[in-house]
Amino acid sequence: VNVFKRLKLVGRFGVTTGRSYCGVCGSAKRMEYTVLGDCVNLSARLMETSKHSTGEMIFKALAPIKVKGKANPIPIFQPVPREAAGACGVTMDRKIRFPWYDNLLDGSSLTSKDPVLTAKTKVQHLCSIQKWTANVKVAEMLGGPFNKVMHSPEQTIGSTPVGRSKAPAGSPFADGGLVVIEGATGTGKIELAEHIIAHCATQFQMMPVFGTMGPRPGESNRMAIELLRSIVAVYRTVSPSLPPEDVQALEKLISPQHAGSMATLSELLSQSSSDSPAALDVALKVIVSLLAGLRSKTGILVVLQFEQGTNLFEKTAEKDLAIFWRFTSEISLLVNKEKSVAGLVLVRKASQDQQCVKDAMSSGNLLSLNGLNEEHILEYMASYLGIPEDAVPPPLRRFVSQVTMGNPLYIRETLDQLLQDGNLKVKSGASATAALDKIDIAAWSHTAMVGGTVCNIESLDPIEMAALKMSTCFEGSFTLPDLAASSCSQWGGATHFDLLRLFRATRMLVSRGFIDKVPPPSRDSPRTSESGNNFGDTQYFAMQSALIRTVGASMVLEAQKKSVKRNALIDRVLKQDLPDRMTELAAKKSVQHIPWYYERALRRMLP
């Protein structure tokens, strides 16, 4: 879009979802790479109809239109920029405005009418699981369990009916320190962070300062802007006489040695500057200086978040990650010096090369979130549906556990989709009934759970994607030769190099969690009688994720599934029976054979 703007061109985009063919079409004389399908044609009609392109985040429903090739009117939507709240951090009415209310990268609340109420409800559901390992660790740091009163929408700093307290000795919120929470999108980082921030603000009078960013263009500027705005907001709580305009307030707060930076900061806060390393360096120095000036006035909790959203490729986020860790490292130096300043870092994967992460690991303040276990899933489902735990149907519990892998975001999406489709009916506070026999999970492509899984699969290399799709055809364990039987069988003239490529693709799938290594089948299994090889024991694999299996299987035709299974069975039989038959044939060939007519002539010649 920015390229079109610079060239003064008008770009039009029609966006639809659906199945399409993507590949090379044509003959030897004319061949081109293209996409074909009904959804592609509809995108072209939308592009022709649209008069201009707009931003993202909120989709405004427009009047249905008639397009060529369609009998019924097509409902269309116009994406418009989401209006972000001007405040970030502590507001004028002493409430906390969290930045993830306005920058939702997980897609979980895009349709919510009240993002504040939705977010606080999610915190109450998840953080009320007292035995969850992450909650237990957080309760030790805060010196008390989760309290729902602190997370009501009307809660303000200094008005909680719960008595104020101090953080326990040795806690990073008492002696200063850095807490790092890592985990995939939706595993509970945001909910835990909101719980910690609200508790520290209401109980320890530690004012929050925010700086968040992601992989989209301009996100590095957003982090600096949020830090500056939220720091100024904290200064206003200490000195209410400060001007309401952030630039004017900064002019009064900035130290004389940084007074020459006001032009750069003013341009940055107006969001009229592009990503400039020099501007970020200036902003970082001013941010550290302002934080140091607050240490004697009030406690501070600096919250830094890097959310990658649906970005699957590490290289596209390398530059932004470097900026994020540079900000984190500089601020952590202040956190380590001052007891009144604490830090909270939220990231998908903490880089253990960073000194601040090493310090968090050595002090036991690194939390890794991997999802809920079976017991916690049941408690979370009951809380979300508003029914007792014993009223949750066991089939529903097993289904949700297998599909969501304990991810709280996926659990919410699954339950919401089941309720919307009528597969789940709940009588509030009493019971629930579920009909799970005709559910097509692959059709939930609009959810973060299925949509993210599709993106993960589509991001694979062609040979890795082919291996994954073939893996979905096996209900139990399988081996590398089972996969090779359909793509590079030794009986079909394939070379060892083809098998090595498939082996590399299989190892990549294991490393990324698509498939898992499993022990060999039991000794009484017919497969254990396979002949040995010269390269050690045979490695077995299995696809244990029901979500990946279901979504991956939807990309494979039934005829292809049958072909993969048939080829694998033929390969197993050949490897089991053919070597013995070949040995028997070789033994027969080693015996000297004399044709019968020569044998008669020889007998006549003999005396």
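Coordinates for the structure precede this section.
Residues numbered from 1 in each chain as written. Predicted model: local features only at pLDDT ≥ 70, side-chain atom pairs only at ≥ 80, totals over all residues. Heavy atoms only, no water.

**Q** Could you clarify how one ought to interpret the overall build of the protein chain in this entry?
**A** Helix and strand counts for the protein chain stand at 22 helices and 16 strands. Counting over 607 residues, the protein chain shows a buried share of 43%. For the protein chain, the proportion of contacts with a sequence separation of at least 24, taken over those separated by at least 6, is 68%. For the protein chain, the computed accessible surface area is about 32800 Å², with 54% contributed by carbon and sulfur atoms. (Helix = DSSP H or I, 4+ residues; strand = E, 2+ residues; numbered from the N terminus. Buried < 20%, exposed > 50% of the residue type's maximum accessible area, 1.4 Å probe, protein only. Contact = heavy atoms within 4.5 Å. Areas by Shrake-Rupley, 256 points an atom, 1.4 Å probe, with all protein chains shown as cover.)

**Q** What is the right way to look at the pattern of salt bridges in this model?
**A** Where charged atoms of side chains with opposite charge meet at close range, the side chains can pair. Tallying each qualifying case throughout the model produces 11 salt bridges. Ionic pairing is found between Arg 295 and Glu 338, a salt bridge with its closest N-O pair at 3.3 Å. Placement of Arg 295 in the loop between α10 (277–294) and β9 (299–306) and of Glu 338 in the loop between α11 (318–337) and β10 (341–347) is noted, with a sequence separation of 43 residues between them. A relative accessible area of 22% means that Glu 338 is categorised as partly exposed. It is possible to trace a salt-bridge network through shared partners that takes in Arg 229, Arg 236 and Asp 246. (Salt bridge = Lys/Arg side-chain N within 4 Å of Asp/Glu carboxyl O.)

**Q** Please clarify how the sheet that holds strand β11 (residues 366–369) should be interpreted in this entry.
**A** Hydrogen bonds along the backbone pair up the strands of a sheet, which may run parallel or antiparallel. The sheet built from 5 strands is open, its strands ordered β8-β9-β10-β7-β11 with parallel pairing. Each end of this open sheet is capped by a strand with a single partner; those strands are β8 (206–213) and β11. Each adjacent strand pair in this sheet contributes to an overall mean axis angle of 15 degrees, direction not counted. Here strand β7 (residues 177–183) runs beside β10; their pairing, made up of 6 bridges, is parallel. In the sheet register, Val 179 faces β10, and the bridge partner there is Leu 344. Helix α7 (residues 219–238) rests against β8 and β9 of the sheet, and its axis sits at about 165 degrees to β8. (Pairing = 2+ DSSP bridges. Axes fitted to C-alpha atoms, helices over the stretch in contact; angles between N-to-C directions.)

**Q** Is there a simple way to think about helix α14 (residues 394–404) in this case?
**A** Side chains of residues three or four places apart in an α-helix project in the same direction, reflecting 3.6 residues per turn. When α14 is considered as a whole, its buried residues turn out to be Leu 396, Phe 399, Val 400, Ser 401, Val 403 and Thr 404. On the buried face of α14, the contacting elements are α13 (374–385), α15 (408–421), β12 (424–427), β13 (431–434), α16 (448–458) and α20 (546–553). Looking one or two places after α14, you find Met 405, whose phi comes out positive at around 60 degrees.

**Q** Explain helix α19 (residues 496–511) to me, please; I cannot follow it from the model alone.
**A** For α19, with 16 residues, the first-to-last C-alpha span of 23 Å sits near the 22 Å given by 1.5 Å per residue. Within α19, burial applies to Leu 502, Ala 505, Thr 506 and Leu 509. In an axial view of α19, the angular spread of the buried residues amounts to 100 degrees, which keeps them on one side of the axis. Exposed side chains of α19 directed beyond 90 degrees from the buried face belong to His 496, Phe 497, Leu 500, Arg 504, Arg 507 and Ser 511. (Expected span 1.5 Å × (residues − 1). Arc of directions from axis to C-beta.)

**Q** How should I be thinking about a nonpolar patch on the surface in this particular structure?
**A** A surface patch of nonpolar side chains, about 500 Å² in accessible area, is lined by Ile 594, Trp 596, Tyr 597 and Tyr 598. Look at Trp 596 and you get exposed, because its relative accessible area is 55%. (Patch = residues over 30% accessible without salt bridge, like charges linked within 9 Å, V, L, I, M, F, W, Y side chains within 5 Å.)

**Q** Quick question: what am I supposed to make of the packing of helix α17 (residues 462–471) against α19 here?
**A** If you want to describe how two helices pack, look at the angle between their axes and the distance between the axes. Look at α17 against α19: their axes get within 9 Å of each other, and the N-to-C directions meet at 75 degrees. In terms of their interaxial angle, α17 and α19 are classed as roughly perpendicular. Of α19, the residues touching α17 (which contributes Ile 463, Glu 464, Ala 467 and Leu 468) are Arg 501, Leu 502, Arg 504, Ala 505, Met 508 and Leu 509. Looking at the contact of α17 with α19 residue by residue, the class counts come to 7 nonpolar, no polar and 3 charged. (Parallel < 35°, antiparallel > 145°, perpendicular 65-115°, else oblique. Nonpolar A, V, L, I, M, F, W, Y, C, P; charged D, E, K, R; others polar.)

**Q** For this particular structure, what's the right way to read the side chain of Lys 120?
**A** Within the secondary structure layout, Lys 120 lies in helix α3 (residues 115–127). Judged by its relative accessible area of 10%, Lys 120 is buried. Beyond its immediate sequence surroundings of up to four residues, Lys 120 is in contact with Phe 98, Tyr 101, His 151, Ser 152, Pro 153 and Glu 194.

**Q** Whenever I open this one, the packing of aromatic side chains confuses me. Can you help?
**A** We describe a pair of aromatic rings using the distance from one ring centre to the other and the angle between the two ring planes. Within this structure, the stated rule accounts for 9 aromatic pairs. Taking 5.3 Å as the distance between ring centres and 20 degrees as the angle between the ring planes, the aromatic pair formed by Phe 98 and Trp 100 counts as stacked. Where Phe 98 meets Tyr 101, the ring centres are 5.5 Å apart and the plane angle is 65 degrees; that geometry is what we call edge-to-face. On the basis of relative accessible area, Phe 98 is assigned to the buried category, the value being 2%. (Phe/Tyr/Trp six-rings, centres within 6.5 Å; stacked < 30°, edge-to-face > 60°.)

**Q** Looking at this model, I keep getting lost on the sheet that holds strand β16 (residues 540–542). Mind explaining?
**A** Reading across the sheet, the 3 strands line up as β14-β16-β15 and stay open at both edges, with antiparallel pairing between neighbours. The open sheet terminates on both sides in strands that have one partner only, identified here as β14 (478–479) and β15 (516–518). Pairing of β14 with β16 involves 2 bridges; the strand directions are antiparallel. When the bridges of β16 are listed, Phe 478 appears paired with Phe 541.

**Q** Teacher, can you tell me more about the packing of α11 against helix α12 (residues 355–362) here?
**A** As a packed pair, α11 and α12 sit with axes 9 Å apart at the nearest point and diverge in direction by 50 degrees. Between α11 and α12, the angle falls in the class oblique. Packed against α11, whose contacting residues are Trp 325, Thr 328, Ser 332 and Asn 336, the element α12 presents Cys 356, Val 357 and Asp 359 at the interface. Residues belonging to the contact of α11 with α12 are distributed by class as follows: 3 nonpolar, 3 polar and 1 charged.

**Q** How should the environment of Pro 408 be read in this particular structure?
**A** Position of Pro 408 relative to the elements: it lies in helix α15. The exposure class of Pro 408 is buried, given its relative accessible area of 0%. C-alpha of Pro 408 to C-alpha of Gly 188: the two residues are 220 residues apart in sequence and 6.7 Å apart in space. In this view, Pro 408 contacts Leu 126, Gly 186, Thr 187, Leu 372 and Tyr 380; residues no more than four positions away in its chain are not counted.

**Q** Quick question: what am I supposed to make of the pairing of β11 here?
**A** Along a regular strand, successive side chains alternate from one face of the sheet to the other. Residues Leu 367 and Leu 369 of β11 are buried on one face, while the alternating residues Leu 366 and Ser 368, pointing to the opposite face, are not. Sheet topology places β7 next to β11; 4 bridges connect them, and they run parallel. Bridge assignment links Val 180 to a residue of β11, and that residue is Leu 366.

**Q** Explain the nonpolar core to me, please; I cannot follow it from the model alone.
**A** Here is a general trend for soluble globular proteins: nonpolar side chains tend to be buried in one another's company. If you look at the biggest cluster of nonpolar residues, it comprises 140 residues, and the most contacted ones within it are Phe 173, Leu 301 and Leu 344. Apart from the residues within four sequence positions on either side, Phe 173 is in contact with Met 141, Leu 142, Ala 167, Val 179, Ile 196, Cys 200, Phe 204, Met 206, Leu 301 and Ala 342. (Core = buried A, V, L, I, M, F, W, Y, C linked by side-chain atoms within 4.5 Å.)

**Q** What's the story with the pairing of β13 in this structure? I'm lost.
**A** Strand direction decides the pairing type here: β12 and β13, joined by 4 bridges, are antiparallel. By the bridge assignment, Leu 424 is partnered in β13 with Ala 434.

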